[in-house]
Amino acid sequence: MRKYWLFVSLLISTILAWDAYAQIKPDSTYYYFRNDNDPKSPFYILTGNIKDETGQGLSGVSVLVDGNFTGRVSDERGIYYVQVDSGEHRITFRHLAYIPTIYRVGMYGHGLLNTQLNPKTLELDEITVVAEGAQRNVNNPIAGINRITAKELNTLPNLMGEADVIRSLELLPGVTSVGEGSAGLNVRGGQSDQNLILLNEALVLSTNHALGFLSSFNPDIVDGFSLYKGNIPASFGGRSSAALQVSTKKGDFLENKTELSLGTSANRILSSGPLVKDKISYLAAGRLSNANWLLRRANNPELNTSRLSFYDLYTGFSWKINQNHNIDFNTLYTADDFLLANDFGFEWSNLVTSISSKSLISPNLSILSTWAFGNFDNSYYETDPFTGARLRNGMEYLQGKVSAFYTYKNHSLTLGAEMIRYDSKPEIKSFNFQNVFSPIPDIRVDKESGLESSPFASLEWNPIKWISLVAGLRYAKYRQLGNAEVLEYEIMAPKTLQNIVDTLLLSGEQMPQYQGWEPRLAFRISLSEHMSVKSGYSRTYQFIQSISNTTGPTPIDLWQLSNFHIQPQVSDNYSLGYFLNLKDNTWSLSLDLFYRNSLHQIDYRDFANLVVNPHLETELVPTQAVARGVELMVKKNKGNWTGWLAYTFSRTLQRSVSSFAVESINNGNWFPANWDRPHVGTLVLSRKLWQGGSFNCNINYSTGRPISGLNAVYIVNNRYVPLFSDRNEFRIPDYFRIDVSYTTGSLFIPFDDSLTLGIFNLLGRRNAYSVFYQPLGTSSRLVPYQLSLLGTVLPSISYKVRF
Amino acid sequence: MHQSALKYYHLITFCLLASCIERIDFPTNYQASQLVVYGQVNNLEDEQVVYISRTSDGRDLFTITPEGIEVFNDLPAPVNNASVFLVNENGLRYPYFLSTEGKYVLSENIPKEDRENLSYHLEIEVDGKIIQSAPEKMPPSIGQDSSFFTFGRGLFGNNPSVPLLSIKSKTFIPSDASSLYLRWDLQSVYRWERTQVPNPFNVPTPPCYVIEPVDGRKIVTLEGSRFAGEAVEQTLGIRRIDRAFASIHYIIVRQMSITADAFRFWNQMKLLSETSGSLFDVPPAPLRGNLFNPDDAEEIVLGIFELARAQETNFFTVRAIFPFVISSPCTYEEGRNMASYPPECFSCEALPGATLNVPRIFQR
């Protein structure tokens, strides 16, 4: 019950905070801007001059509004300007070497706010340094964060011209995937299900469209996203590898806007505007694939009886209750429907809806609370009247999170708690659906429900000028809910059907529960204003994992909660990085070393049967995984040419930990994980052209992923049988691809429009997705074949207009 | 996902994303000399055989395919120096004798009742080692098959419109089918009429007979418990209608009721045969049967020994039932140059699987 009380108390504190807000009075640092001659506007410009202690203009000062970095820094004369929403705000000026200054402002007209920053001295040990802006890669104490803005996202050449959050991350160091068209990402050697994916603050379980070729985040609604690789802040948890936070745009509070995009793979529409001017705004966006249209025009009957469609809908409402309090309501619904040649199909859909409130209680205290609901359904079916069946599973979850952010001089304290209740839907195999009729009753396997509760605290502290420290602690606790029938296996014997000795009925306090402390530590030592060394450690627990014995993750994988036999994954992540900015931040360089050790990571026994299996543990192999590597990134931030070069050398190895042969892989020896690619390099270039146009180019190289190859061929009953090697003993050929795109400026004067022409896989290279063995021609002899999913030049065109 | 589904998967990805499949050279790590055993004892009045071979190192290149493509000689080598015994649960040992290369035939006809009711295992002595199989017992029940065929045109290999014979069965599953595991094998047995060259004594040229598996890549299995008391109709295999149907052509459908372990083995082999490189492939792995070296647990013996309750049904076709012309390349044409006839028009040896011995089914 304690966690409930904790949660209730946090809820009460939120309500009290609302009340407290009303009592905030302007203090001595309050500035009020209003000019009756100014037309009433939803936002105003705040500008001014920032000087140092000698009265000289101070450049590189970051301007934050309500704690959020605006992307604005003062220029070489110390002059800044920033666009601020109408209302009450907290403006913070920060610089690495100066004491930050905070003002309260009432923005009801354009304003001029000049300030002076005082340098930090060793005596002033109460200094807060929060690094943002151009220097953020050097000054942020947490290593391994990559951010991509919506603008950067839209300039990257993409498959079929569709800008994509997930696929664009593969251009960053330390991020790979099993292959083209596979769902999910592998970050610093982690499994794809080890990434926490958040839409704003709400958990997202399914992020795939079109079998994983595209992600379910409509690029039009994405404002930006941050990827935390390994060193995850204490406010995030539940996944052991990385956290990806996707933030969405808010609707316009002043005027209606519409965007329309027509593309090769999908069409998109976005509408945004005020519902109540300057009070409530909305943003609605939708995307619909074009594949069905293409299929219906095919001459082949097998193709034009196929369906291949996806769509997604997003709605967002923002309500400015008053100047210090906002409420946002967001809903994302995505759905995919594949029917291939009227023979078999996939369907999956995902709903994430959340409401979040943000309250500025005092200049130093803000509270953020989020309540979310998610629902994920998927199914696979075969339509054969005799052997056909439909397999369904899914998950529902409720998430609540409250966090308070308090800053005082050189400390920033975050306190909060998060609870997620997962309710797995039963896995059902039905033999009666559509045109399939059978007297066979459904096969049903009930799945678990669980509650994950995690209070957390994090303190950022700058004891002296050159050092910044973030210490966080999260207590991860998981408890399986309801009742459970648990199979008991013979002691000191492998978990096999033959070794079942009893069935236990568990309820109440007997239900499995797991918990542990998750320390999070990160520190930075600045070697100069432009150079720093950072290090970090974090421990993470994971109580939910995707189950799929396929080559790579698929969109219809089953999410499985920890239970009596499936222990939570535990991961320890270490990192050490060197960061350098050169030539007035035109160039930035980073070098990261990482090491990761995971326990209880799930792998599968040979030919594991995971479908409607009530004793999954008899098909699983618990493993230990170790990932280590070095990431190098050189980035050019300014100028006509921008972009980056990223190179990663890493190894991800696994080994089974059981002493029983049946639960062991490769005799318990280390073997490369499916996604182990030692060398990965990307070059991303963007060249500004006339009239706002740009030319963009990606070059990608990586070592081929590991597979099991052939050791021999033998004959059983006239059939040629391949004898496969130890797991992942071989590798498919290396991967290389070049993509280019050209985006024009406005084509038609009355509109704000652009046209993007792209070529994916410019060289038409047939990169291997997999290598497999099939009989050759009319003989039965087995020979190796290579499957290339994107084996040719793929041009694309998309047109976008805003009005 | 079954084989046809995978075909469509590739079709879709090809059309929308330009996927392609091509043969490549890929390194192998051939492990020679692993023993391979396949044997079956069933309740039919048939030869009870065991095949023994060893995997090869695949180092030599030679041409094997009708397309003339060179592949590594990775075919297993037959083992001819083994002593093979079938041992029943009472310890009675029945020897096998070497029939042809790597093929051992049970020398005694064990009474059918014993075969059906006792458990047996295999014992092989080869190169100073003893290899054993786990004991197997013949399942008590089997489905009732009635086999039939349909024909039409369809995709076969790379050819989009080929006349095809679909071999089907309607199988009645007994109501007590809680542990009924079925597998089917198809065999094509046909007469091959050689060229009747006129001769002064008017002596007819005896025909050849060909015995070959049908749709040998396909493995058809069925778990009976899903269909207890029901009749299940399914396509067991597809054979191209070609010159082999110019004369009487039998299709023999053999249904086998096998043990749960054997069912698992054949289903895993099916998974291996259905890999297509797609995302949905089950990762391949070495296939393990029920053979082992009792003195060396580390030694891996490939293959399986199974006891199966079997039932055969058959049907035959003649040229006249097909609504299209099936011509025989061996029909004598006066004045035609003898060299222009294919070699199999004169010699049975030129036709794979052909023999002059009249098969059992033609003797009925």
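K.L.:
Just to check I follow, could you spell out the overall build of chain A for this structure?
P.N.:
Each helix and strand counted, chain A has 6 helices and 52 strands in total. Taken over 803 residues, chain A has a buried fraction of 61%. The long-range fraction of contacts in chain A, counting pairs at least 24 apart against all pairs at least 6 apart in sequence, stands at 65%. In the form shown here, chain A has an accessible surface area of approximately 31,200 Å², with 58% of it arising from carbon and sulfur atoms.

K.L.:
Is there a simple way to explain the sheet that holds strand β13 (residues 144-156) of chain B in this structure?
P.N.:
Hydrogen bonds along the backbone pair up the strands of a sheet, which may run parallel or antiparallel. All names here are of chain B. Pairing within the open sheet is antiparallel, and its 3 strands lie in the order β13-β14-β18. Every interior strand has two partners, whereas the edge strands, β13 and β18 (231-240), have only one. Across the sheet, the mean angle separating the axes of adjacent strands is 25° when strand polarity is ignored.

K.L.:
Would you mind going over the state of the cysteines with me for this structure?
P.N.:
Disulfides are covalent bonds that connect the sulfur atoms of two cysteines. Residues and elements named next belong to chain B. This model, assessed by the stated rule, comprises 2 disulfides over all chains. Here C208 connects covalently by a disulfide to C348, the sulfurs 1.9 Å from one another. Taking the torsion about the S-S bond as the criterion, the C208 to C348 disulfide, at about -100°, is left-handed. Here C348 lies in the loop between β21 (302-317) and β22 (354-355) and C208 lies in strand β16 (residues 208-213), a separation of 140 residues in the sequence. Pair check on accessibility: C208 and C348 agree, each one buried. Between C330 and C345 runs a disulfide, and the two sulfur atoms are separated by 2.0 Å. On the S-S bond that ties C330 to C345, the torsion sits near -80°, and the link is left-handed. Note that C330 is positioned in the loop between β21 and β22 and C345 in the loop between β21 and β22, a separation of 15 residues in sequence. On the accessibility criterion, C345 (1% relative accessible area) is buried. For chain B, numbering the cysteines in disulfides from first to last along the sequence yields the connectivity 1-4, 2-3.

K.L.:
Help me understand empty space enclosed by the protein, please; the structure alone is not making it clear to me.
P.N.:
Where empty space is left becomes clear once a probe the size of a water molecule has been rolled over the atoms. With the rule as written, the count across this model stands at 6 cavities of 30 Å³ or more. Forming the walls of the largest cavity are 42 residues, and the residues nearest its centre are A:T550, A:T551, A:G552, A:N674 and B:P283. Going through the elements one at a time, β35 (544-547), β38 (587-604), β44 (706-707) and β50 (770-775) of chain A are the ones with two or more residues in the lining of the largest cavity. For the lining of the largest cavity, the element with the most residues is β50(A), which contributes 4 residues. Broken down by class, the residue content of the lining of the largest cavity amounts to 16 nonpolar, 18 polar and 8 charged. Empty space within the second largest cavity amounts to approximately 480 Å³. Lining the second largest cavity we find 36 residues, and of these A:E170, A:S177, A:E180, A:Y735 and A:R737 sit closest to its centre. When residues of the lining of the second largest cavity are traced back to their parent elements, those giving at least two are α4 (165-169), β11 (175-176), β42 (679-688), β43 (694-702) and β48 (735-743) of chain A.

K.L.:
Help me understand the environment of B:I258 in this model?
P.N.:
Residue and element names in this part refer to chain B. Tracing the backbone through its elements, the reader meets I258 in strand β19 (residues 249-258). On a C-alpha basis, the gap between I258 and G289 in space is 14 Å, while along the polypeptide they are 31 residues apart. Sequence-distant contacts of I258, that is, excluding residues within four places in its chain, are made with P139, Y181, R183, F263, W266, E306, L307 and A308.

K.L.:
Is there a simple way to think about the pattern of salt bridges in this case?
P.N.:
Counted by the stated rule, this structure contains 48 salt bridges over all chains. The salt bridge involving A:E631 is made with A:K229; its shortest N-O contact spans 3.1 Å. You can see A:E631 sitting in strand β39 (residues 620-636) and its partner A:K229 sitting in strand β17 (residues 222-229), a full 402 residues away along the chain. Judged by its relative accessible area of 2%, A:E631 is buried. The shortest N-O distance in the salt bridge between B:R183 and B:D185 comes to 3.3 Å. The same class applies to B:R183 as to B:D185, namely buried. When salt bridges with common partners are traced through the structure, they connect A:R188, A:K229, A:D592 and A:E631 into a single cluster.

K.L.:
In this structure, what is going on with the nonpolar core? I would like to understand it.
P.N.:
Burial of nonpolar side chains together is a common tendency in soluble globular proteins. Within the largest apolar cluster, 58 residues are counted, with the highest numbers of intra-cluster contacts made by A:F217, A:F225 and A:L244. Counting residues in hydrophobic clusters, the runner-up holds 37 residues, among them A:A712, A:F730, A:V771 and B:A310.

K.L.:
Is there a simple way to think about the confidence of the model for chain B in this case?
P.N.:
For any part of a model where pLDDT is low, the fine detail of the predicted coordinates should not be relied upon. Residue and element names in this part refer to chain B. On average, chain B scores 85 in pLDDT, and the residues at 70 or more come to 88%. Per-residue pLDDT stays below 50 along residues 1-5; that stretch engages in 16 contacts with residues further than four places along the chain or on separate chains. Predicted complex metrics record ipTM = 0.88 and pTM = 0.81.

K.L.:
Sorry, what's going on with helix α3 (residues 260-273) of chain B here?
P.N.:
The α-helix advances 3.6 residues per turn, and as a result positions three or four apart in sequence lie on the same side. Here α3(B) spans 20 Å end to end across 14 residues, near enough to the 20 Å set by a 1.5 Å rise per residue. Considered for burial, the residues of α3(B) that qualify are B:A262, B:F263, B:F265, B:W266, B:Q268, B:M269 and B:L272.

K.L.:
Where do I start with the environment of A:F748 in this structure?
P.N.:
All names here are of chain A. Summarising the element assignment, F748 is placed in the loop between β48 and β49 (752-760). Accessibility expressed as a relative area gives 46% for F748, which makes it partly exposed. Along the backbone, F748 and V801 are 53 residues apart, and their C-alpha atoms lie at a distance of 9.5 Å.

K.L.:
It is not clear to me how the sheet that holds strand β1 (residues 20-23) of chain B should be interpreted in this structure. Could you clarify?
P.N.:
The 3 strands are arranged β50(A)-β51(A)-β1(B) in an open sheet whose pairing can be described as antiparallel. A single partner strand is all that each edge strand has here, and the edge strands are β50 of chain A together with β1 of chain B. If you compare each strand with its neighbour and ignore which way they point, the axes differ by 35° on average.

K.L.:
Got a minute to help me understand the side chain of A:Q654 in this structure?
P.N.:
All names here are of chain A. If you trace the backbone, Q654 turns up in strand β40 (residues 641-656). Judged by relative accessible area, which is 1%, Q654 ranks as buried. A distance of 3.3 Å separates polar atoms of two side chains, one belonging to Q654 and the other to D603.

K.L.:
Help me out: how do you make sense of the confidence of the model for chain A in this one?
P.N.:
All names here are of chain A. On average, chain A scores 84 in pLDDT, and the residues at 70 or more come to 87%. Least confident of the elements in chain A is helix α1 (residues 2-21), whose mean pLDDT is 46; most confident is strand β41 (residues 671-672), at 96. Below pLDDT 50 for its whole length, residues 14-28 participates in 20 contacts with residues either more than four positions away or in separate chains. Between residues 121-133, whose pLDDT stays under 50, and residues either more than four places distant or in other chains, the model counts 38 contacts.

K.L.:
It is not clear to me how the pairing of strand β36 (residues 558-561) of chain A should be interpreted in this structure. Could you clarify?
P.N.:
Across a regular strand the side chains alternate sides, sitting on one face of the sheet and then on the other. All names here are of chain A. Of the two faces of β36, the one holding L558 and Q560 and the one holding W559 and L561 are both buried throughout. Pairing analysis gives 4 bridges linking β35 to β36, with the strands arranged antiparallel. Note on β36: the bridge partner recorded for I547 is L558.

K.L.:
I'm lost on the side chain of A:S379 in this one. Help?
P.N.:
All names here are of chain A. Summarising the element assignment, S379 is placed in strand β25 (residues 365-382). Residue class for S379 comes out buried when judged on its relative accessible area of 4%. Looking at S379, its side chain comes within polar contact range of the side chain of R390, at 3.1 Å. Other than its neighbours up to four places away in sequence, S379 contacts G345, F346, E347, R390, L391, R392 and I556.

K.L.:
Which parts of the structure should I look at to understand the packing of aromatic side chains?
P.N.:
Any two aromatic rings considered together are summarised by their centre-to-centre distance and by the angle between their planes. All chains considered together, the criterion is met by 31 aromatic pairs over all chains. Between A:F93 and A:Y103, the aromatic rings sit 5.9 Å apart at their centres with planes inclined by 75°, giving edge-to-face as the arrangement. Taken together, the residues span a long stretch of sequence, with A:F93 in strand β6 (residues 87-95) and A:Y103 in strand β7 (residues 98-108) at a distance of 10 residues. A:F93 gets classed as buried once you look at its relative accessible area, which sits at 0%. On the numbers, 5.8 Å between centres and 25° between planes, the contact of B:F322 with B:F324 is stacked. The partly exposed category is assigned to B:F324, whose relative accessible area is 25%. One aromatic cluster in this structure is built from B:F149, B:F151, B:F245, B:F315, B:F322 and B:F324. A cation sits over an aromatic face here: B:R93 above B:F85, 4.4 Å from the ring centre.

What counts and what doesn't
Residues numbered from 1 in each chain as written. Chains lettered and ligands numbered in written order. Predicted model: local features only at pLDDT ≥ 70, side-chain atom pairs only at ≥ 80, totals over all residues. Heavy atoms only, no water. Helix = DSSP H or I, 4+ residues; strand = E, 2+ residues; numbered from the N terminus. Buried < 20%, exposed > 50% of the residue type's maximum accessible area, 1.4 Å probe, protein only. Contact = heavy atoms within 4.5 Å. Areas by Shrake-Rupley, 256 points an atom, 1.4 Å probe, with all protein chains shown as cover. Pairing = 2+ DSSP bridges. Axes fitted to C-alpha atoms, helices over the stretch in contact; angles between N-to-C directions. Disulfide = S-S within 2.5 Å. 1 Å grid on protein atoms, 1.4 Å probe; cavity = no way out; pocket = protein on both sides within 12 Å on 5 of 7 lines; lining within 4 Å. Points joined across faces, edges and corners; volume = space filled by probe spheres on them. Nonpolar A, V, L, I, M, F, W, Y, C, P; charged D, E, K, R; others polar. Salt bridge = Lys/Arg side-chain N within 4 Å of Asp/Glu carboxyl O. Core = buried A, V, L, I, M, F, W, Y, C linked by side-chain atoms within 4.5 Å. pLDDT = per-residue confidence, 0-100. Expected span 1.5 Å × (residues − 1). Polar contact = N/O pair within 3.5 Å; in protein donor to acceptor, adjacent residues only side chain to side chain. Phe/Tyr/Trp six-rings, centres within 6.5 Å; stacked < 30°, edge-to-face > 60°. Lys NZ or Arg CZ within 6 Å of the ring centre and 35° of its normal.

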